[in-house]
Amino acid sequence: MEQTGHTDQAEGAPVPDEETGTGSTGRPGGRPEAEGEAGPKPRLGRSRRLRRIRRTALALVLALLLPVLAAETALRINYTGDPADGTYTRNRDAIWLGHAWVDGRKDDADVTALARRLKSTGIRDLYVHTGPLEHDGTLPASLYPKARWLTDTVHRELPGVRVQAFLGDVLATESPDGMRLERAATRAAVVRSAGQVLDVGYDGVHLDLEPLHSGDRDYLSLLDDLRDVTRARDAQLSVAAHQIDPLPAFHSVWGTLTGHPKWWSQEFFGQVARRVDQIAVMSYDTMQPLESTYGGYLAQQTSLALEVTPPTTDLLMGLPFFHENRFGHWNHAETVPAAVRGVRLGLSRTDADRARFGVALYIDFAATEADWTAYRKGWVR
């Protein structure tokens, strides 16, 4: 608009003063000295330009909104229908637990209460936060002084339930600070840290490195090395996985626009899944505005993951056992009932009889009774 005004002045058209009505010529109304055909033409030109700007702006808004509206409509439709009979727990579920379980804040009474909570559910694995890893891949033993107590007590109170060390760190993929997987020494240190936690009684290693960009070959190399260690110890190797592209190559487009790709390609997801015993999708923080679109999104994510996860790998879909309202996560939309129904729909449509399948609950210290009830009623049955 400012450029248009300057142009009008250059063409000889006055710019009226809003308070006095006096134009740039100093005469009331800003009319030129010579009345006639020449006066109104700059105003007509400015009016046409404004109309063109408005039409262009409207076209841009529609170009942006229509694909979004179409995608959200498709997700709502994806949430319709009935899940197949039998699409309930396979007793391969998991839950992420906070650091308080290994740093001295929990005691025997807490484990007893946890055991009471988990009995008659489908939970088989506990991902216990034991890190974080240092950026160089090392893990200070001072972070988990009660790890041996926890593993021994859980094995006694909950026979058959496995305790895995949840190890994570921030990667230097989108900022200068963080772990650098391109360094062989760092990857070797992560492998040593995995052996370190297995030595104190853990049944496996659960790795969560973020933000991890799709196609990261150094990450795949790290998983190969970790698998050698866990197999030699008869231990589990599991990972927390990013969501899969809802549209082909969407991570590339989103990464170009925002600098944060967020999603993995379906191909890369499959490459990761073939290297581990368990892969747990962090299927929350989805930016979905409604329960119906979130549930439809979970149905789609479940199908996409099932298509590329080998039947020998446990596939777990994350359930939001936490409550926040911020960009990317709306508490009224990302609910446990919507997630469970969406997971069941995706399972029903893609591989209803998949045995190595479950859900993973994030996270214990933020869960409400309503979350536990929805999980039991919708999935455990």
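Residues numbered from 1 in each chain as written. Predicted model: local features only at pLDDT ≥ 70, side-chain atom pairs only at ≥ 80, totals over all residues. Heavy atoms only, no water.

Turning our attention to the pattern of salt bridges. All chains considered together, the criterion is met by 13 salt bridges. A salt bridge links Arg92 to Asp314; the nearest nitrogen and oxygen atoms lie 3.3 Å apart. Of this pair, Arg92 sits in the loop between helix H2 (41–78) and strand S1 (93–97) while Asp314 is found in strand S7 (residues 314–320), placing the two residues 222 residues apart along the sequence. A relative accessible area of 18% places Arg92 in the buried class. (Salt bridge = Lys/Arg side-chain N within 4 Å of Asp/Glu carboxyl O. Helix = DSSP H or I, 4+ residues; strand = E, 2+ residues; numbered from the N terminus. Buried < 20%, exposed > 50% of the residue type's maximum accessible area, 1.4 Å probe, protein only.)

As a further point, take the side chain of Thr293. Along the polypeptide, Thr293 turns up in helix H9 (residues 291–308). A distance of 3.2 Å separates the side chain of Thr293 from the side chain of Gln288, its partner in a polar contact. Those residues in contact with Thr293 that sit more than four places away from it in its chain are Glu72, Leu75, Arg76 and Gln288. (Polar contact = N/O pair within 3.5 Å; in protein donor to acceptor, adjacent residues only side chain to side chain. Contact = heavy atoms within 4.5 Å.)

One finds Leu126, Leu207, Tyr219 and Tyr375 to be the most contacted residues of the largest nonpolar core, which totals 96 residues. The contacts of Leu207, once residues within four sequence positions are left out, are Leu133, Leu167, Val190, Tyr219, Leu222, Leu223, Leu226, Ser238, Val239 and Ala240. (Core = buried A, V, L, I, M, F, W, Y, C linked by side-chain atoms within 4.5 Å.)

Another point: the confidence of the model for the protein. In this model, the protein carries an average pLDDT of 89, and 85% of its residues clear a pLDDT of 70 or more. Per-residue pLDDT stays below 50 along residues 1–36; that stretch engages in 35 contacts with residues further than four places along the chain or on separate chains. (pLDDT = per-residue confidence, 0-100.)

Bringing the environment of Asp224 into the picture now. Mapped onto the secondary structure, Asp224 falls in helix H6 (residues 217–232). On the basis of relative accessibility, which here comes to 34%, the residue Asp224 falls in the partly exposed class. In this structure, the C-alpha to C-alpha distance between Asp224 and Val276, residues 52 residues apart in sequence, is 8.6 Å. Within the structure, the side chain of Asp224 is placed 3.0 Å from the side chain of Arg275, a separation counted as a polar contact.

With that out of the way, let us pick up the sheet that holds strand S2 (residues 123–129). As summarised here, the arrangement of the eight strands in space is S1-S2-S3-S4-S5-S6-S7-S10, forming a closed barrel in which the pairing is parallel. Ignoring strand direction, the axes of neighbouring strands in this sheet form an average angle of 25 degrees. Of the pairings in the sheet, the one linking strand S3 (residues 162–170) to strand S4 (residues 204–210) comprises seven bridges and is parallel in character. Its bridge partner being in S4, Leu167 is matched across the sheet by Leu207. Its contacts with the sheet put H9 on S7 and strand S10 (357–362), and the angle it makes with S7 is roughly 165 degrees. (Pairing = 2+ DSSP bridges. Axes fitted to C-alpha atoms, helices over the stretch in contact; angles between N-to-C directions.)

Turning to the side chain of Arg90, a few remarks are in order. With respect to the helices and strands, the residue Arg90 is situated in the loop between H2 and S1. Buried Arg90, no salt bridge; nearest opposite-charge side chain is Asp353, N-O distance 5.4 Å. A distance of 2.8 Å separates the side chain of Arg90 from the backbone oxygen of Tyr88, its partner in a polar contact. Leaving out residues up to four positions away in the same chain, Arg90 has contacts with Leu347, Ala352, Asp353, Arg354, Ala355 and Phe357. (Lys, Arg positive; Asp, Glu negative; His and termini not counted.)

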